[in-house]
Amino acid sequence: MNLNAADSRLATPEEQELARKLDEQAALEADLADRELRSANLRAELGAFERQYLHFVGSRYAELDELKARVAERAASEQVGNERAAQAARDARARADETKSVAGEKSDQEPRKFEASPELKRLYRDVARRIHPDLTSDRDDRSRRQQLMADANSAYEQGDESRLEKILTAYEHSPEAFRGEGPGAELIRAIRRVSQVRGRLAEIEAELQGLLRSDLYQLKTRVDEAEKTGHNVLQDMIAKVDEQIDLAQKRLKEPARDGGAVQPSR
């Protein structure tokens, strides 16, 4: 509700409070949209970086741990009755299975870095300002908005501008987007929305701080800073793991020791 100087002299106290509350709400919603964009962008960048790391480094660690497990299992088989060797083999196998699970199947296609276009950022910000679930107090509408924001986050991470446009257009033309007027009811809705947006701002700040403190973010920062000086940290990591893989492969090729092994009966 916009009030000019003439209107403000005629406006009721309730209408004046509504105007102030709507201004506050608009400012908070703009701030929320910016924070949501920052959070979505950071999640997308970290997700893309993690896929790169797993593709180049994680898959090699999986290979290395598998080789180490085989070495440990062979050592245990050569030392029948040695519980320490048997436990070491079990631990090595568990670690190899865990690393393989985290690394997943290596794709033939190299993962790309995430880079959002200005249009993609604008579309996401528009979606966040219009559809964010914390901008409504209606339970059914909130539930629908939550699903739409989840879809919008997925579209943003995939760089799908057309999908973001469809999400926004579909909601704008939905029956849920229409709301009745009235200073009293609108003031109550505005007060509740301000409270909801403030709560979400606190949540998203905590989420952002968690991402910024994560090991993945620290590693990405280290890699990005090194790239500015022409240094490839991931390549260094790959080289070190490859050296360890070569050593493990050589150990597996060494002749088996028969000192503690059970000799086959003749």
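Look up: the structure comes first, before these words.
A short tour of the structure in this document, coming up. Everything numeric in this text was worked out from a predicted model, so none of it was measured.

## Focus: the overall build of the protein chain
- Of regular secondary structure, the protein chain possesses nine helices and zero strands.
- When the elements of the protein chain are put in sequence order from the N terminus, they spell out α-α-α-α-α-α-α-α-α.
- When the 266 residues of the protein chain are sorted by exposure, 35% land in the buried category.
- When contacts within the protein chain are restricted to residue pairs at least 6 apart in sequence, those whose partners lie at least 24 apart make up 78%.
- About 16,400 Å² of surface is accessible on the protein chain, with carbon and sulfur atoms providing 48% of the total.

## Here we look at helix H9 (residues 233-253)
- Under the 1.5 Å per step criterion, the end-to-end length of H9 is 31 Å for 21 residues, consistent within 8% with the ideal 30 Å.
- Listing the buried residues of H9 in full gives Val-233, Leu-234, Met-237, Ile-238, Val-241, Ile-245 and Ala-248. The arc that holds the buried residues of H9, viewed along the axis, is 125°, so those residues lie on one side. Facing away from the buried surface of H9 by more than 90 degrees, the exposed residues are Lys-240, Glu-243, Leu-247, Lys-250 and Lys-253.
- Where H9 starts, the residue carrying a side-chain oxygen 3.2 Å from the main-chain nitrogen of Leu-234 turns out to be Asn-232.

## Comments concerning the packing of helix H5 (residues 139-157) against helix H6 (residues 161-172)
- Where H5 contacts H6, the axes come no closer than 9 Å and their chain directions differ by 165°. Compared by their axis directions, H5 and H6 come out roughly antiparallel. The way H5 lies across H6 gives a crossing that is left-handed. On H6, the residues that touch Asp-141, Arg-144, Arg-145, Leu-148, Asp-151, Ala-152, Ser-154 and Ala-155 of H5 are Arg-163, Leu-164, Ile-167, Ala-170 and Tyr-171.
- In the contact of H5 with H6, the residues fall into seven nonpolar, one polar and five charged.

## Looking at the nonpolar core
- By size, the foremost hydrophobic cluster in this structure holds 22 residues, and its most contacted members are Phe-114, Tyr-124, Val-127, Ile-131, Tyr-156 and Leu-164.
- Sorting the residues of this core by element identifies helix H2 (13-78), helix H4 (118-131), H5 and H6 as the ones contributing at least two each.
- The leading source of residues in this core is H4, at six residues.
- In contact with Ile-131, other than residues within four places in its own chain, are Arg-145, Leu-148, Met-149, Ile-167, Leu-168 and Tyr-171.
- The next biggest cluster of nonpolar side chains, apart from the first, holds 11 residues, and it includes Tyr-53, Val-223, Val-233 and Met-237.

## Concerning the side chain of Arg-145
- Checked against the element boundaries, Arg-145 lands in helix H5.
- The class of Arg-145 is buried, set by a relative accessible area of 5%.
- For Arg-145, the side chain forms a polar contact with the main-chain oxygen of Arg-130, separated by 3.2 Å.
- Beyond its immediate chain neighbours, meaning those up to four positions away, Arg-145 contacts Arg-130, Ile-131, His-132, Pro-133, Leu-135, Thr-136 and Tyr-171.

Scoring rules and cut-offs
Position numbers for residues count from 1 along each chain, tracking the sequence in the order it is written. Local features are withheld for residues below a pLDDT of 70 in this predicted model, meaning they are given only at 70 or higher, and side-chain atom pairs are given and counted only at 80 or more; totals for whole chains, interfaces and linings count all residues. Each side-chain value is worked out from all heavy atoms of the structure, with water and hydrogens disregarded. Only runs of H or I of at least four residues qualify as helices and only runs of E of at least two qualify as strands under DSSP, and these elements are numbered from the N terminus. Accessibility here uses a 1.4 Å probe with only protein chains present; expressed as a share of the type maximum, an area under 20% marks a residue as buried, one over 50% as exposed, and anything in between as partly exposed. Throughout, a residue-residue contact means that at least one pair of heavy atoms, one from each residue, lies within 4.5 Å. To measure how exposed things are, a 1.4 Å probe is used in the Shrake-Rupley method; for residues, cover is taken only from the protein chains shown. To estimate how far a helix should extend, the number of its residues minus one is multiplied by 1.5 Å. The directions considered for the arc run from the helix axis to the C-beta atoms. In the analysis that follows, any N or O atom pair within 3.5 Å is treated as a polar contact, provided that within protein one partner can donate a hydrogen and the other can accept it, and provided that, for residues neighboring in sequence, both atoms belong to side chains. Axes here refer to lines fitted to C-alpha atoms; in helices the fit is confined to the stretch in contact. Angles between the N-to-C directions go from 0 to 180 degrees. For classification, angles of less than 35 degrees are called roughly parallel, those exceeding 145 degrees roughly antiparallel, those between 65 and 115 degrees roughly perpendicular, and all remaining angles oblique. Handedness of each helix crossing follows the sense of rotation of the near helix against the far helix: counterclockwise by less than a right angle gives left-handed, clockwise gives right-handed. Put simply, Ala, Val, Leu, Ile, Met, Phe, Trp, Tyr, Cys and Pro go in the nonpolar bin, Asp, Glu, Lys and Arg in the charged bin, and everything else, Gly too, in the polar bin. For our purposes a nonpolar core is just a set of buried Ala, Val, Leu, Ile, Met, Phe, Trp, Tyr and Cys residues, chained together by side-chain atoms within 4.5 Å.

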